[in-house]
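# A closer look at the structure
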Amino acid sequence: MSNRQERPSNSQQRWRIAALAARLLAEDGISELALAKRKAARRLGLPESTLMPDDNEVEAELRSYQRLFQNEEQPARSARLLRTAARLMAIMQPFNPYLTGAVLEGIAGRHAEIDIQLFPDSAKDVEIFLHNERFDYHHSPPRTERAEAVLTMIADDAIANLVVYPRREERVSFRTRDGRIRKRARLDAVNKLLAAIPLSSR
C-alpha cells in the first residue's frame, strides 16, 4: 500500500482518537489530555503504536463538542471556575500565582481541575502558609519533573492544584507535550477575563 493510500487512514484514526478524547475530557472526569488520548485509543481498539493526535487537535474537538452538547452549561462552568481561581490567586499572591490549563483556555469539562502555578522561595513556605490559613490539602503526584510539589485542595466544590515550582522557573516558558508555549495568566489578566464574561453566563 502506498504512502498516499495510508495517509487518509492515519488521518481518520487521529480524528477518531481526538473526537473520543474530547468527549472523555468533557464528560467523564478526565482532565489530562495525554490520558484522554490513551484511553480513547484503547476504547477504539487501536494498538499502542498508533500515531496520536496532538493536543491542539484534541482541544479543537473539545471546543466543538462543548459548543454542540454543552452550549448552555459550559460558559457558566467556565465563569464559576475562573471566579474560584481568581479568589485562590488573590490569597496566594505572596507566591506569584499564574493560572494555566483548561480553566484559562475556556475549555473546562464537567470534571475539570483548576491549575495554578506558584513560584515561592521554597515549597515549604507554601505549606506553612496553607497551614496557617487553615486550608486542607494533600500532595498529588507532579506531572513534570520541574515541579517541586503539587498541593491539591477543594475550593468551592472544585479541585484546585497548586503546582509549586522553584522561583527561578518563573521566567522560563512552559510548553505543552506537542511543543506549544503553555498559556498562563496573572491575577489581573484573570480578572479581565471575568469582567468580559456576559452577565447571562456569570
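See the structure shown above.
Residues numbered from 1 in each chain as written. Predicted model: local features only at pLDDT ≥ 70, side-chain atom pairs only at ≥ 80, totals over all residues. Heavy atoms only, no water.

## Some remarks on the overall build of the protein chain
Note the cut-off: Helix and strand definitions follow DSSP, with helices as H or I runs of at least four residues and strands as E runs of at least two, each counted in order from the N terminus. The globule rule is 2.2 Å times the number of residues to the power 0.38, and the radius of gyration it is compared with is taken over C-alpha atoms. Burial status follows relative accessibility: with a 1.4 Å probe on protein chains alone, a residue under 20% of its type maximum counts as buried, one over 50% as exposed, and anything between as partly exposed. By definition, residues are in contact when any of their heavy atoms lie within 4.5 Å. For every accessible area listed, the method is Shrake-Rupley and the probe measures 1.4 Å; residues are considered covered only by the protein chains on display. In this tally, Lys and Arg are treated as positive and Asp and Glu as negative; His is ignored, and so are the chain termini. Just so you know, the charge point we use is NZ for Lys, CZ for Arg, CG for Asp and CD for Glu.
Scanning the protein chain for helices and strands turns up seven helices and six strands. Reading the secondary structure of the protein chain in the N-to-C direction produces α-α-α-α-β-α-β-α-β-β-β-β-α. In summary, the protein chain has a C-alpha radius of gyration of 18 Å against a globular reference of 17 Å for 202 residues, a match within 12%. Dimensions along the principal axes, computed over C-alpha positions, put the protein chain at roughly 65 × 40 × 25 Å. In the protein chain, which comprises 202 residues, the proportion classed as buried is 46%. In the protein chain, the share of contacts with a sequence separation of at least 24, taken over all contacts with a separation of at least 6, comes to 61%. A total of about 11,500 Å² of accessible surface is found on the protein chain, and carbon and sulfur atoms cover 48% of it. Side-chain charges in the protein chain split into 33 positive and 28 negative, and the spacing between the mean points of these groups amounts to 4 Å.

## Focus on the nonpolar core
What counts, and what does not: Buried Ala, Val, Leu, Ile, Met, Phe, Trp, Tyr and Cys residues that are joined via side-chain atoms within 4.5 Å together make up what is termed a nonpolar core.
Leu99, Ile114 and Leu130 are the most contacted members of the largest nonpolar core, which totals 35 residues. Those elements giving two or more residues to this core turn out to be helix H4 (73-91), helix H5 (102-105), strand S2 (114-118), helix H6 (123-132), strand S4 (149-155), strand S5 (158-164) and helix H7 (187-195). The element contributing the most residues to this core is H4, with seven residues. Every residue in contact with Leu99, bar those within four places of it in the chain, is listed here: Leu82, Ala85, Met89, Leu104, Ile114, Asp115, Ile116, Lys183, Arg184, Ala185 and Val190. Formed by 18 residues, the second largest nonpolar core is a distinct cluster that contains Ala18, Leu20, Leu33 and Ala36.

## Overview of the pattern of salt bridges
Rule in force here: Any carboxyl oxygen of Asp or Glu within 4 Å of a side-chain nitrogen of Lys or Arg constitutes a salt bridge here.
Throughout the structure, instances matching the rule amount to 15 salt bridges. Glu73 serves as the salt-bridge partner of Arg110, at 2.8 Å between the closest nitrogen and oxygen. In this pair, Arg110 is assigned in the loop between H5 and S2 and Glu73 in helix H4, connecting sequence segments 37 residues apart. With a closest N to O distance of 3.2 Å, Arg143 and Asp115 form a salt bridge. On the criterion of sequence distance, the pair formed by Arg143 in the loop between strand S3 (138-140) and S4 and Asp115 in strand S2 is long-range, its members being 28 residues apart. For Asp115, a relative accessible area of 11% translates into the label buried. Each of Glu27, Glu73, Arg77 and Arg110 takes part in one network of salt bridges that share partners.

## Considering the pairing of S2
Note the threshold: Strands are treated as partners if at least two bridges between them are detected by DSSP.
Counting buried residues along S2, five of its five residues qualify, which places the element largely inside the surrounding structure. The side-chain alternation of S2 yields two buried faces, one formed by Ile114, Ile116 and Leu118 and the other by Asp115 and Gln117. With three bridges connecting them, strand S1 (residues 98-100) and S2 associate as antiparallel partners. The partner of Leu99 across the bridge, within S2, is Ile116. As defined by bridge partners, S2 adjoins S5 across five bridges and the pair is classed as parallel. Bridge pairing in S5 places Leu118 opposite Val164.

## Digging into helix H3 (residues 55-69)
To keep it simple, the criterion reads: Expected span, for any helix, means 1.5 Å times one less than how many residues it has. Regarding the arc, it is the one traced by the directions from the helix axis to the C-beta atoms. For the purposes of these results, a polar contact is taken to be a pair of N or O atoms within 3.5 Å, where, inside protein, one atom must be able to donate a hydrogen and its partner to accept one; residues adjacent in sequence count only when each atom of the pair is a side-chain atom.
Along its 15 residues, H3 runs 21 Å from first to last C-alpha, staying within 8% of the 21 Å computed at 1.5 Å per residue. Buried within H3 we find Asp55, Val58, Glu59, Leu62, Tyr65 and Gln66. Each buried residue of H3 lies within a common arc of 120° when the element is viewed along its axis, so the set occupies one face. Facing away from the buried surface of H3 by more than 90 degrees, the exposed residues are Arg67 and Leu68. Between the side-chain oxygen at the start of H3 and the backbone nitrogen of Asn56 there is a gap of 3.1 Å, and the oxygen is on Asp54.

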